[in-house]
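Here is how the chains run, residue by residue.
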Amino acid sequence: MSNNVLAFAESRGGDLRRAALEAVAAARVIADARGGSVHAILFGAPGIGQHAAKLGAHGADAVLVVEHAAFAHNNPEAVAATIAAKMGAYGAFVCAASATGKDIAPRVAAKCQVPVAADATTMTVGASSITVTHPGYTGKILQTLTLTASPAVVSVRPGAFLPKENAKAGTAEAVTPAADPSASRVRVTETAAGNAAKLDLGEAPVIVSGGRGLKEAANFKLVEDLAAAFGNAAVGATRAVTDDGWRPHSDQIGQTGRLVSPDLYIACGISGAIQHLAGMRTSKTIVAINKDKEAPIFKAADYGIVGDVLEILPVLTAEVKKAKAQ
Ligand code: FAD
């Protein structure tokens, strides 16, 4: 079994995604434990190879660059076929459990005829096994899964393995796709970008999230103000409010929304239903504001504020602004 690890360097629209650097960081955990190297594989339209240096700066010993016009959009069939064709040289494949990664990992595993450990939040590496923690049953339990097959295929929860500056060679090598990318049966012809000015929920270190306790859509302004005061925060929401049209569905966090693990998650007027917790329970620090001291969100929270969210949010925003100005 090879000690080397292949990391999926996710890109979109010609840019490297944070998910790429997180996959490299997780791959480094395996490679460092086994004395192996990390190779990142990067797909995109011609020119994508310019990002090889950034992958090298974050821990990739080598970067396999697969350029083709048909990789301008996600092309899971040809991507998975090319990765699977390379796996004979690697002991493990790691990608982020992003929407794209969730599409790629099972395809690679199926082609290699090995199992996949999805959405891992921790990893322990043995000489011939990898043990991961996988939140199961909407986060109600934490399952421990041990992969003994080679290669091990693992997707890691966004935010669980943070990108690290870790200069490696990052030498780029051009690779030919294993399958003709323009002959894929499924073709993505267009990707509609969301609000480009908005920080992506999967990439934001801070998320301020609102629920029905905000009473009406207009009061989300208070959530937006707090997020703006942080400067590096995204706004999230519960399904109750996205279903009511207070926020777009793309803001929804939870079992049927986005899975997030920011450094700081501030839940404003959110009860803490199991389906919501499933999407944010692995955040590093959780702060909850709720007027009901028995609200289930307080069981998941590191810090709790019992009170009216409409009164507390402006005070918090003012304090964050003050702290930022110092
Ligand atoms: P509520 O449960 O109504 O809670 C509002 C909270 O605000 C209460 O705790 C209340 O005490 C507090 N409050 C009220 N007024 C104030 C005030 N002035 N100040 C402070 N606090 C106040 N939900 C998700 O979020 N994401 C999902 O992905 C998701 N998927 C689902 C999938 C399925 C199959 C199902 C059945 C449900 C799903 N849900 C999901 C819905 C989930 O069960 C809850 O209904 C939802 O999360 C509740 O949203 P909420 O906390 O905003 O509202």
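Below is a summary of the structure that appears in this document. Predicted, not measured: the structure shown is a model, and the values here were computed from it.

## Some points on the pattern of salt bridges
Counting across every chain of the model gives 15 salt bridges. Put simply, Arg 185 and Glu 77 hold a salt bridge, and the shortest N to O gap is 3.4 Å. Of the two residues, Arg 185 sits in the loop between strand 12 (171-174) and strand 13 (206-210) while Glu 77 sits in helix 3 (residues 76-86), which places them 108 residues apart along the sequence. For Arg 185, a relative accessible area of 76% corresponds to the exposed category. With a relative accessible area of 19%, Glu 77 lands in the buried category. Arg 107 is the partner of Asp 103 in a salt bridge, and the nearest nitrogen-oxygen pair spans 2.9 Å. Remark: Arg 107 and Asp 103 occur in helix 4 (residues 99-112); sequence separation between them is 4 residues, near one turn of the helix. The exposure class assigned to Asp 103 is partly exposed, which follows from its relative accessible area of 26%. When its relative accessible area of 32% is taken as the criterion, Arg 107 is described as partly exposed. In this structure, a network of salt bridges that share partners links the residues Glu 10, Arg 17 and Glu 203.

## Some details on the site of the ligand
Around the ligand, the structure places 25 residues, and the nearest of them are Thr 238, Thr 256, Ser 271, Gln 275 and Asn 290. Here an oxygen atom of the ligand sits 3.4 Å away from a polar atom, N or O, in the main chain of Gly 257. Ser 271 places a polar side-chain atom, nitrogen or oxygen, 2.7 Å from an oxygen atom of the ligand. Those elements that place two or more of their residues in the shell around the ligand are helix 6 (239-243) and helix 7 (274-280).

## Focus: the side chain of His 134
On the secondary structure map, His 134 appears in strand 9 (residues 130-136). A distance of 2.5 Å separates the side chain of His 134 from the backbone oxygen of Ala 118, its partner in a polar contact. Look past the residues within four positions of His 134 in its chain and what remains in contact with it is Ala 118, Asp 119, Ile 141, Leu 142, Gln 143 and Leu 145.

## Some remarks on helix 9 (residues 309-325)
With 17 residues, helix 9 should reach 24 Å at 1.5 Å per residue; the first-to-last C-alpha distance of 24 Å fits that figure. Burial in helix 9 covers these residues: Val 309, Ile 312, Leu 313, Thr 317 and Val 320. Projected down its long axis, helix 9 carries its buried residues within an arc of 135°, all on one side. Away from its buried face, by an angle of more than 90 degrees, helix 9 presents the exposed residues Glu 311, Val 315, Lys 321 and Ala 325.

About the cut-offs
- Residues numbered from 1 in each chain as written.
- Predicted model: local features only at pLDDT ≥ 70, side-chain atom pairs only at ≥ 80, totals over all residues.
- Heavy atoms only, no water.
- Salt bridge = Lys/Arg side-chain N within 4 Å of Asp/Glu carboxyl O.
- Helix = DSSP H or I, 4+ residues; strand = E, 2+ residues; numbered from the N terminus.
- Buried < 20%, exposed > 50% of the residue type's maximum accessible area, 1.4 Å probe, protein only.
- Near = heavy atom within 4 Å.
- Polar contact = N/O pair within 3.5 Å; in protein donor to acceptor, adjacent residues only side chain to side chain.
- Contact = heavy atoms within 4.5 Å.
- Expected span 1.5 Å × (residues − 1).
- Arc of directions from axis to C-beta.

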